[in-house]
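Overview (structure and organization)
Chain residues, written in single-letter form:
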Amino acid sequence: MHCERGLLRICEDVYDLQSYSRTLVVSIGKAGHTMVEALAGQVGASLEGIVASSVEPAAQVHGFRYFRGGHPTPNSESIQAASAILRALEAQTATSLVIFLLSGGGSSIVEKSFDEEIPLEDLIATYRALVHSGGPIAEINAIRKHLSAVKGGRLAQAAFPAQQVSVLVSDVPDNAPDALASGPTMPDSTSVEDCYRIAEKYGLLNQFPQSTREIFERHALEETPKSDDQVFYRSRWWTVLSNQTAVEQASIAAERAGFVVRSDSSCDDWDYARAAEYLLQRLREMKREFGRACLISGGEVTVKVTNGGIGGRNQQFALACASQIAGESVTVLSAGTDGVDGNSSAAGAVVDGSTIERAKMKGLDARAALQKFDAYPFFRALGDAIETGPTGNNLRDLRILLAY
């Protein structure tokens, strides 16, 4: 993105800001603050809009209203943010320009049910059931979109007929950009029938609160706008950062450190235990061939949590690796680029061939921590939790496996 003399270039598009009666910026997600600060740094003090993120900003940009939405489940400010954004968008005209800055986490940070009968506590319970279902993010988001007044293209619907452009810092697979923040400005590739099928597949009706369950039982979900809908005729979308960016940068760093590097993100959305076995097997094959080897894997593994403690998918993955590499010259790091893993304060964890032995010396039980989904206290006690705090970015997870 670059702005000079009122001409804003976003990738291959150019917008003459002086030709619009109004420019409104809506920034949503974990990178909400950093994205709007970067845009304001380019354009200057003339911007106005709304920022919704899950953390407090270090400083506020003049002309913007700020909301601190919940993550991984919505809170009252998530709903306030959604209502404020919808009101602002509905006030736009055909001579307006709306710039959407979208990043991961937006699904819960900005939320409002399409059905006023679903109260906040039921919305939270619905989210919790979806997150803990073990389903991949694309399936979770399909249901989120159809329950929401803002997801699945409904913000674009509200902004119509304004000119719209969305700038994406993506935490979803590159082939599914409409999953980012549950696709509030993009055509929805999923349908209500998909939602009913997914709910049955994971037995979600028994886990949903009554208000949500009744909507599914009555087949009362409303369809989201699709690619041929007129609300998208004046819309553009550009991905400026993605998980592939993180994989490429990690690969460059590993090569500089003298490792033979390969990347393998084929285990995206796999169960964490299956992913651990697969990646470690690949690493050992690389070690036999090359000696110093580095295997880098992007994307997210899944964890079906039952009566969980404190942790997240990255720490669960790392802990699953620990027992398999005991005594080996292998190090495994797994962390979220947003700096937050699950319900813990860590981004992830690092393990090596000494982890299990060091744990025993401290009286820690790795197997019990794994079974209880309670990895964070285990890694914190060892000093092996990676704690960065929120990074102001979100490009999914990175798993880096080293053999030496």
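Worth saying up front: this structure is predicted, and the values here are computed from it rather than measured. (Residues numbered from 1 in each chain as written. Predicted model: local features only at pLDDT ≥ 70, side-chain atom pairs only at ≥ 80, totals over all residues. Heavy atoms only, no water.)

1. Looking at the pairing of strand β8 (residues 163-169)
The line we're drawing: The buried label goes to any residue with under 20% of its type's maximum accessible area, the exposed label to any with over 50%, and the partly exposed label to all in between, with areas taken from a 1.4 Å probe on protein chains only. We count a stretch as a helix when DSSP gives it H or I for four or more residues in a row; a strand needs E for two or more, and each element gets its number in order from the N terminus. When DSSP finds two or more bridges between a pair of strands, those strands are recorded as paired.
Buried residues dominate β8, accounting for seven of its seven residues. Side chains Q163, V165, V167 and V169 of β8 all project onto a buried face; the interleaved residues Q164, S166 and L168 project onto the opposite face, where all are buried too. In this structure, strand β7 (residues 96-103) lies alongside β8, joined through seven bridges in parallel fashion. Within the sheet, the bridge partner assigned to L97 lies in β8 and is Q163. In terms of strand pairing, β8 meets strand β9 (residues 235-241) through six bridges, oriented parallel. Residue pairing in the sheet places V167 in a bridge with W238 of β9.

2. Quick word on the packing of helix α11 (residues 313-324) against helix α14 (residues 375-382)
Going by this rule: What counts as an axis is a line fitted to C-alpha atoms, over the stretch in contact for a helix, and the angles between N-to-C directions run from 0 to 180 degrees. Any angle that is under 35 degrees is reported as roughly parallel, and any over 145 degrees as roughly antiparallel; angles of 65 to 115 degrees are reported as roughly perpendicular and all others as oblique. Should the near helix be turned counterclockwise from the far one by less than a right angle, the crossing is left-handed, whereas a clockwise turn marks it as right-handed. Whether two residues are in contact is decided by their heavy atoms, any of which lying within 4.5 Å being enough. Any residue that is not Ala, Val, Leu, Ile, Met, Phe, Trp, Tyr, Cys, Pro, Asp, Glu, Lys or Arg is counted as polar, Gly included; the first ten are nonpolar and the last four charged.
Relative to each other, α11 and α14 sit at 70°, their axes nearing to 9 Å. Compared by their axis directions, α11 and α14 come out roughly perpendicular. For the element pair α11 and α14, the recorded crossing hand is left-handed. Across from Q315, Q316, A318 and L319 in α11, the residues of α14 making contact are A375, Y376, F378 and F379. Here the residues of the contact of α11 with α14 sort into six nonpolar, two polar and no charged.

3. Let's talk about the sheet that holds strand β14 (residues 385-386)
The six strands are arranged β10-β11-β15-β12-β13-β14 in an open sheet whose pairing can be described as mixed. Two strands bound the open sheet, and with one partner strand each, they are β10 (260-263) and β14. Across five bridges, the pairing between strand β12 (residues 330-336) and strand β13 (residues 348-352) is antiparallel. Bridge pairing in β13 places L333 opposite V350. Lying over the sheet, α11 contacts β12, β13 and β15 (397-403), oriented at roughly 10° with respect to β13.

4. Considering the packing of aromatic side chains
What counts is decided by this rule: Think of it this way: a Phe, Tyr or Trp ring, Trp meaning its six-membered ring, pairs with another when their centres are within 6.5 Å, and the plane angle makes it stacked under 30 degrees, edge-to-face over 60, tilted otherwise. Here, a charge over a ring is recorded when the distance from Lys NZ or Arg CZ to the ring centre is within 6 Å and its angle to the ring normal is within 35 degrees.
Within the structure shown, the criterion is met by five aromatic pairs. Measuring from centroid to centroid gives 6.2 Å for F232 and W237, while their planes differ by 55°, and the two rings are tilted. Classification of W237 as partly exposed rests on a relative accessible area of 28%. Through successive ring pairs, a cluster of aromatic residues spans Y196, F208 and F216. Geometry around F259 places R292 over its ring, the cationic atom sitting 4.1 Å from the centre. Sitting above the plane of the F317 ring, R399 keeps its charged end 5.8 Å from the centroid.

5. Digging into the pattern of salt bridges
Any two side chains of opposite charge can pair, given that their charged atoms come close. Our working rule: Any carboxyl oxygen of Asp or Glu within 4 Å of a side-chain nitrogen of Lys or Arg constitutes a salt bridge here.
Per the stated rule, a full pass over the model turns up 19 salt bridges. Note that E328 and R284 form a salt bridge whose closest N and O atoms lie 2.8 Å from each other. Of the two residues, E328 is situated in the loop between α11 and β12 and R284 in helix α10 (residues 272-290); the sequence distance between them amounts to 44 residues. Classification of E328 by relative accessible area gives partly exposed; the value is 28%. Among the charged side chains, a salt-bridge network with shared partners connects K145, D178, D188, E223 and K226.

6. Topic: the nonpolar core
What counts here: Buried Ala, Val, Leu, Ile, Met, Phe, Trp, Tyr and Cys residues that are joined via side-chain atoms within 4.5 Å together make up what is termed a nonpolar core.
Formed by 38 residues in total, the largest nonpolar core has its most connected members in F317, V332, V351, F378 and F379. Per-element accounting of this core gives the leading share, seven residues, to α10. When sequence neighbours within four positions are dropped, the list of residues in contact with F317 reads Y272, A275, A276, L279, V301, V332, S334 and R399. I10, Y15, V167 and V169 belong to the second-largest nonpolar core, a separate cluster that totals 35 residues.

7. A short note on unusual backbone geometry
Note that the residue after H71, namely P72, is joined by a cis bond; omega there is 10°. Here P72 shows up in the loop between β6 (64-68) and α2 (76-90). For D269, which is not a glycine, the phi torsion comes out positive at approximately 75°.

8. Here's the deal with the side chain of E111
Just so we agree on the cut-off: Whenever a nitrogen or oxygen atom comes within 3.5 Å of another N or O atom, the pair is scored as a polar contact, on the condition that within protein one atom can donate a hydrogen and the other can accept it, and that pairs from neighbouring residues in sequence are kept only if both atoms are in side chains.
Tracing the chain through its elements places E111 in the loop between α3 (106-109) and α4 (120-131). Using a relative accessible area of 1% as the deciding quantity, one classes E111 as buried. Here the side chain of E111 touches Y127 through a polar contact of 2.6 Å, side chain to side chain. When near neighbours in sequence (up to four residues on either side) are disregarded, E111 contacts P74, S78, I79, A82, L123, Y127, R144, S148, V150 and K151.

9. Examining the environment of L89
Mapping L89 onto the fold places it in helix α2. On the basis of relative accessible area, L89 is assigned to the buried category, the value being 0%. As for L89 and A162, which are separated by 73 residues in sequence, their C-alpha atoms are 8.7 Å apart. Apart from residues lying up to four places away in sequence, L89 is in contact with L24, V26, V98, F100, L155, A158 and A159.

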